[in-house]
Each structure stands twice: as structure tokens, then as C-alpha cells.
Amino acid sequence: MSEKIVSAFAEMQDLLSDFLTEASDLLDDVDIGLLELEQRPHDTGLLNQVFRGFHTVKGGAGFLDATPLVELCHRGENLLDLLRSHVLVITPEIMDLILAATGEVRRMFGEMERGTMPESAPQALLLALEAAARGETVDTSALRGIVSESIEPHMAPVMALDQNEPDWLGFYRAAFGEPPARAGQVDGAGGQVSVAAPGPASAAAGTPASVATAKQPAKPYRTDMLAPPAASAVAKDSTIRVDTARFDQILNLSGEIGLTKNRLSCLRDALVANRADDDITETLDVVFSQLDTLVSDLQSAVMMARMQPVGRVFQKYSRLARDLARQLEKDVELVITGGETEVDKTILDELNDPLVHLIRNAVDHGIETMVERRSVGKSPRGKLHLSARQTGDSIVIEVSDDGRGMDPEHIRRKAVEKGVISAEEASLLDHSQCLKLIFLPGFSTRAEVSDLSGRGVGMDVVKTNIEKLKGQIDLQSSPGMGSHIVVSLPLTLAILPVLMLKLVDQPYAIPLSAVREIIPLRQEEMHNIGNAQALTIRGEVLPVIDLAVLLGRARKTPPTLAVVLAYGERQLVLGVDGFIGQDEVMIKPLEGIHPKGVAGATLSGDGTLVLVLEMKQLLDGLF
């Protein structure tokens, strides 16, 4: 990529930003239109819509003097003009060409966003577009599988932290303005912490050598606990589209809160002047009640402003499924439902990578080839369903296919062969537990490694990323019938229901979703199993773990209270000193440090700092 900064872009940053926002939306519509055209090739209105999209992008690029983008769009526009004039007919090969062009356009958008003039499209693609416009037959097999970089996964396995306990000293230093440092990381000259920056993660390779230089796959790296967050290799969209009606609601609530504040100010003056009486006290109670309601409504309105329809992300997967199916010589139809379901933008952004992998996995592993499907009496076209729905305070996303499904016994054998689990452990697993072996690191049922799969890095990362979003993933599959994956996620991460508890006079918070019940903890009722303590609850033996031990806190007396927590498919008893109550809090990240087991911090009603614990991190490695 050229590193030359384009002066015209530097002088027109606002114009460039507006162009990229609008052009990206146009390109999404073009991709969707092209996929619909494959199903309705004689739809002239749809063809005109796609043509106008290319034409509009070309016009904006011309105003910005982005010549390489203009050149590519012009060739694509010529081909589309011949199609809508019925000089040429739509074929799968022509569709491959146009979709390859939109992939290159998106790549150019990324370079322009970084302030550089985009590199020209590969000569092979430009020549192929010209040849197709002349009516010549073009071999596009090398172009199959090109997918937009914006929907390719950039997932790296989450590496285990070296520290066995939270870095409370680092947290203290950060909280009071002193930068945390560790031995061996301090530059003797300036006293600054030296952190090696990881190499940029490349987009997943999908561009063949004949069309563009193949990008190297991203190398997983370990994020140091005390290192500042590395810049993302793929910049996330920081903008959000909000219905003006929602902003009007926020404005109205803000105005009402201002009026209530004025009433409180008058009541305060009366109290200061010693004019307090029963009427003022009663009025004060009423105003506080109104303020509480208004603040709650404002909070809800702001959260609603952050909600975005999942269809914004889902619509990109039709292109992904189509390209992969063409590459693998399969016929796959992706059916999307529930695209209007809304979820917080933060979750939506982080959800893209896991869903991309699930779609890829279904097309690659799940759906059979057309020959295989005919041989077992199935329709040659495989069906892949992607749906979303809201259930209470959660969003449920389902990915299902009618493919070959998974054989639990085959998975069991492969897990033993690869050394993922022992033969003894495998013999104790039921069918459901065998299926969940695919979420273990390093596991793959593929005998050979391909560009799409076989390395054993994928489903474990999907599960890890879903759990980072406080979600859960479940899998059901039947051999010959297909697979069904269900992902459950909270609607938002900004507000988290928590259980406030005490440990050695320090308040902590744990996510309420993991809490099953609160119980008294009597030492005489506990028994030892090996070197660990356990407690029998309703006939089930659960391990007992002291939170003080997890956090490295010293205590003089054993815990007398406990909370039963769900940890994956297990349950355990967590010993604590006391409970404060249930609350809904807004979590603030700890800037600059990442103590193991700490998701962030919040403030209690009396202004006390409360650490919100990430129980999965604290408990990983204990079982």
C-alpha cells in the first residue's frame, strides 16, 4: 500500500468521512442487490439500482481525485450498463467478476480511511472486466472466494496471562497516577515502560495470487497484562445512526431533569434558611421520586439510542456464504430472519467475527457438495439459516444448516487421537458432551489443513469471544440432519446487573447472571476431597473456593457465607464475608492495566470504589 499522504484528503477530511460513510452503505446495498440478481436476473429495477450504486461511488471518488477507485468503478459500471441494456446476460462468472470488483472497492475504502491514495486494482481484474464487457468468456475460478475484508474474521486465540493473581499493586499505582512497571521493562534512560508492539493483524487471505498479492495470516500475540491496549488492526466504526425520535426523547428528558434540578435548588435554599416544615419535606420526597424516575428514563433512552438492528451485520453474510460456496463448488442459500432485532452497538461490533466463523464453518464442514446431497436424497441446494430474536433481556442468535451434521462418536475418536482428552475421559462423555469437544483448543475433525479449516483454531475462539460478551453458546447436531448452534447474549454490556458482596471489608461485585443462590457456609458441613473442600447441596457435591484465596487477600477467620455460582457447565460454592445487595451498575474499564479477574470498576451509592470481578478469568485453570 502506498504510504504517500494525499494532500487533498488532508484538506477535505470532513468530505472524505462523509463519502466513506455513504459509499460504504451504498456498497453494502450493491452487494445485497447483486446476490438478489442471481436469483432474479431479469429484474431490471434491481439491476438499475446496482448500476446507480457504482455510478454514485465513482462520482464521489472523482470529486476526491481518487483515480484508482474511479478507474475500477468505471469498468464495473460499463459491464453493468451492458447487462441492463440486455447486450449481455448475467452469468455466475460475470457475477464473480462484479463481486470481486466490490471487494476491491471496499479495500480501497480502507486505504482512503487511513489517509492514503488507494493502490490500483489488480491488473488481472481490470483486464477481466474489460474482456467480459467485450462479450468474451472469462475464467473467474481464480476470483472465487474473494470476500470483503470488512467481514473476514480477525480473531486471535486468547492467550493465558502469566500472572496467577490480580496485580493489585499495578491497580493501586494506576489509580493514584503512577504508571505501573515491572522489572525488565523499564528503559533506564527515560524510566518509561517499554512494550513491544505486536505486528498488525492482516485480513484473512482470500485474494488469489493471480488477482492480488496474498496477505499473510494474522499471528496470534499475547497481550501483556500491564501493557496499554494495542491499536486494533482493523479500525472499528465509531459512528452510530440514531433515529431522531430517540434523540427528541433524550432532549425532552434532559429538559425535565433541568426543571427538577431547579425545584431541588429552591428546596435547598428553604432548608438552608431553616424554613423546613412538613410541606417542604413532603415536596422534597416527591421531587426526589420524580428525579429518580427521570434519570431511569434518560438512562433507558440513551441505551436505546445505542441499539442497532442486527440486520446491519447479517446482510453481509449472504455475500460471504455465496463466495465460499462458489469456491467449494457447492450450492448454498443463506436465509436470514429477525434482522430488525436490536442489540447494543458494542456487542454488534464484537459479534461479527464469531458469526463469520460460524457461517464459514457451516458452508465448509456442514453443507455437502451437490453430488453428495443428491446421493442421499437431499435437494442439491443446501439451506443455511441465520436468525435473531429478543427473549427478555437477551438476544438469541441461531445458526442452523441441513447438512451432514456431526457424529459424536467420530468426534470422540478424533479427540482421543489428537490427544485433546484421554481415552478414559472420552468414555465418560455422553453425546452432548462429545459434540462440545469441538470448542476445545486445537481440535479439528479435518484430516488435512485447507485455506478454510483444519488447524484447530476456530470454534474455541468463537466460544471464548462469545463468553467475553457475557454470552453462552450451545450446539445440537444429528448425523445426516444438520447442526443447530444457539448463541445467547445480553442486549447491552453498558449496564450490568450485579450482586454486591464483601470480602475483608472491601466491596466487590460479580455478574448476577452467574449467581444461582446464596447459602450459609458452615465449616462442620464441609468435607475434604483430596486437597480440596467440598459441600453437598441437594445431593450434588460442589467444590468450595474462598474468594480471598482467588484474590490473594489475607483473612483471619474462614468465610461464613457463600454464593453458588455457575461456571460453564459446572457449579461451585464461592466463600465470602457478606452481601450488600443487588444493583445495576455501569462498568468503567481500568485504563492502562488489565488485572487478571477484574472486568472493571464502578462506584457504590456512598462513593466507594467497587471492583467488578470477571469470575471466568479467576477460575480458569482450577478445574
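Asks: What should I look at first to understand the sheet that holds strand S18 (residues 609–613) in this one?
Replies: Each strand in a sheet pairs with another by means of backbone hydrogen bonds, the pair being arranged parallel or else antiparallel. Read across the open sheet, the five strands follow the order S16-S8-S9-S18-S17; overall the sheet is mixed. Here the strands that pair on one side only, and so sit at the sheet edges, are strand S16 (578–586) and strand S17 (598–603). Taken over all neighbouring pairs, the strand axes of this sheet differ in orientation by 30 degrees on average, direction set aside. Relative to S16, strand S8 (residues 495–503) runs antiparallel, the two sharing eight bridges. Within S16, the residue paired with Leu496 across the bridge is Val585.

Asks: Help me out: how do you make sense of unusual backbone geometry in this one?
Replies: For residues besides glycine, phi is generally negative; the peptide bonds are generally trans as well. In this structure, Lys470 takes a positive phi of about 65 degrees despite not being glycine. Tracing the chain through its elements places Lys470 in the loop between helix H17 (459–468) and strand S6 (472–478). Backbone geometry at Val504 places phi at a positive 50 degrees, although glycine is not the residue there. Here Val504 lies in the loop between S8 and strand S9 (506–511). The class of Val504 is partly exposed, set by a relative accessible area of 30%.

Asks: Looking at this structure, I do not really get the packing of helix H4 (residues 67–84) against helix H5 (residues 92–113). What am I missing?
Replies: Helix-helix packing is described using two parameters, namely the angle between the two axes and the distance between the axes. Packing of H4 against H5 leaves a shortest axis separation of 10 Å and a crossing angle of 155 degrees. Classified by the interaxial angle, the pair formed by H4 and H5 is roughly antiparallel. Of the two possible hands of crossing, H4 and H5 adopt the one that is left-handed. Where H4 approaches H5, its residues Pro68, Leu69, Leu72, Cys73, Leu79, Leu80 and Leu83 are matched on the opposing element by Ile94, Ile98, Ala101, Glu104, Val105, Met108, Phe109 and Met112. Class assignment for the residues of the contact of H4 with H5 results in 14 nonpolar, no polar and one charged.

Asks: How do you make sense of the sheet that holds strand S12 (residues 532–537) when you look at a structure like this?
Replies: An order of S10-S14-S15-S13-S12-S11 is seen for the six strands of this open sheet, with the pairing classed as mixed. Only two strands of the sheet have a single partner each, and these edge strands are strand S10 (515–520) and strand S11 (527–529). Averaged over neighbouring strand pairs, the angle between their axes works out to 40 degrees when direction is ignored. Note: strand S14 (residues 561–567) against strand S15 (residues 570–576), seven bridges, orientation antiparallel.

Asks: What is the right way to read H4 from this model?
Replies: In an α-helix there are 3.6 residues to a turn, and that puts residues three or four apart on one side. Taking 1.5 Å per residue, 18 residues should reach 26 Å; H4 reaches 25 Å between its end C-alpha atoms and fits that length. If you check which residues of H4 are buried, you get Pro68, Leu69, Leu72, Cys73, Arg75, Gly76, Glu77, Leu79, Leu80 and Leu83. Looking at the buried side of H4, the elements it contacts are helix H2 (13–39), helix H3 (44–63), H5 and helix H6 (123–133). At the exit of H4 stands His86, carrying a positive phi of roughly 65 degrees.

Asks: So what exactly am I meant to see when it comes to the confidence of the model for the protein chain here?
Replies: Predicted coordinates in regions of low pLDDT should not be interpreted in detail. With 80% of its residues at a pLDDT of at least 70, the protein chain reaches an overall mean of 78. Note on residues 153–165: pLDDT under 50 across the span, and 36 contacts to partners over four residues away in sequence or across chains. Across residues 172–235 the pLDDT falls below 50, and counting only partners more than four positions away or on other chains, this stretch makes 83 contacts in the model.

Asks: What's the story with the packing of aromatic side chains in this structure? I'm lost.
Replies: Here a ring pair, both rings aromatic, is described through the centre-centre distance and the interplanar angle of the planes. Taken as a whole and assessed by the stated rule, the structure comprises two aromatic pairs. When the centroid spacing of 5.9 Å and the interplanar angle of 85 degrees are considered together, the rings of Phe19 and Phe109 count as edge-to-face. Highlighted residues: Phe19 in helix H2 and Phe109 in helix H5, separated in sequence by 90 residues. Take Phe109: its relative accessible area is 5%, and that puts it in the buried class. With 6.2 Å between their ring centres and 40 degrees between their planes, Phe314 and Tyr317 make a pair best called tilted. For the pair shown, Phe314 and Tyr317 are each scored as buried. Positioned above the aromatic ring of Phe51, the side-chain terminus of Arg84 is 3.7 Å from the ring centre.

Asks: What is the right way to read the environment of Gln617 from this model?
Replies: By secondary structure assignment, the location of Gln617 is in helix H19 (residues 615–619). With 22 residues separating them along the chain, Gln617 and Pro595 place their C-alpha atoms 9.9 Å apart. Each residue touching Gln617, except ones within four places of it in the same chain, is listed here: Pro595, Lys596, Gly597 and Val598.

Asks: Can you help me understand the nonpolar core in this one?
Replies: Taken as a class, soluble globular proteins show a tendency for nonpolar side chains to be buried jointly. Counting residues in hydrophobic clusters, the biggest one holds 48 residues, and the most contacted among them are Tyr317, Ile359 and Ile397. Examining the composition of this core, we find that nine residues originate from one element, helix H12 (residues 345–366), more than from any other. Apart from the residues lying within four places of it in its own chain, the contact partners of Ile359 are Tyr317, Leu320, Ala321, Leu334, Leu384, Leu386 and Val399. If you look at the next biggest cluster of nonpolar residues, it comprises 44 residues, including Leu88, Ala101, Phe109 and Leu129.

Definitions and cut-offs
- Residues numbered from 1 in each chain as written.
- Predicted model: local features only at pLDDT ≥ 70, side-chain atom pairs only at ≥ 80, totals over all residues.
- Heavy atoms only, no water.
- Pairing = 2+ DSSP bridges.
- Helix = DSSP H or I, 4+ residues; strand = E, 2+ residues; numbered from the N terminus.
- Axes fitted to C-alpha atoms, helices over the stretch in contact; angles between N-to-C directions.
- Buried < 20%, exposed > 50% of the residue type's maximum accessible area, 1.4 Å probe, protein only.
- Parallel < 35°, antiparallel > 145°, perpendicular 65-115°, else oblique.
- Left-handed = near helix turned anticlockwise from the far one by under 90°.
- Contact = heavy atoms within 4.5 Å.
- Nonpolar A, V, L, I, M, F, W, Y, C, P; charged D, E, K, R; others polar.
- Expected span 1.5 Å × (residues − 1).
- pLDDT = per-residue confidence, 0-100.
- Phe/Tyr/Trp six-rings, centres within 6.5 Å; stacked < 30°, edge-to-face > 60°.
- Lys NZ or Arg CZ within 6 Å of the ring centre and 35° of its normal.
- Core = buried A, V, L, I, M, F, W, Y, C linked by side-chain atoms within 4.5 Å.

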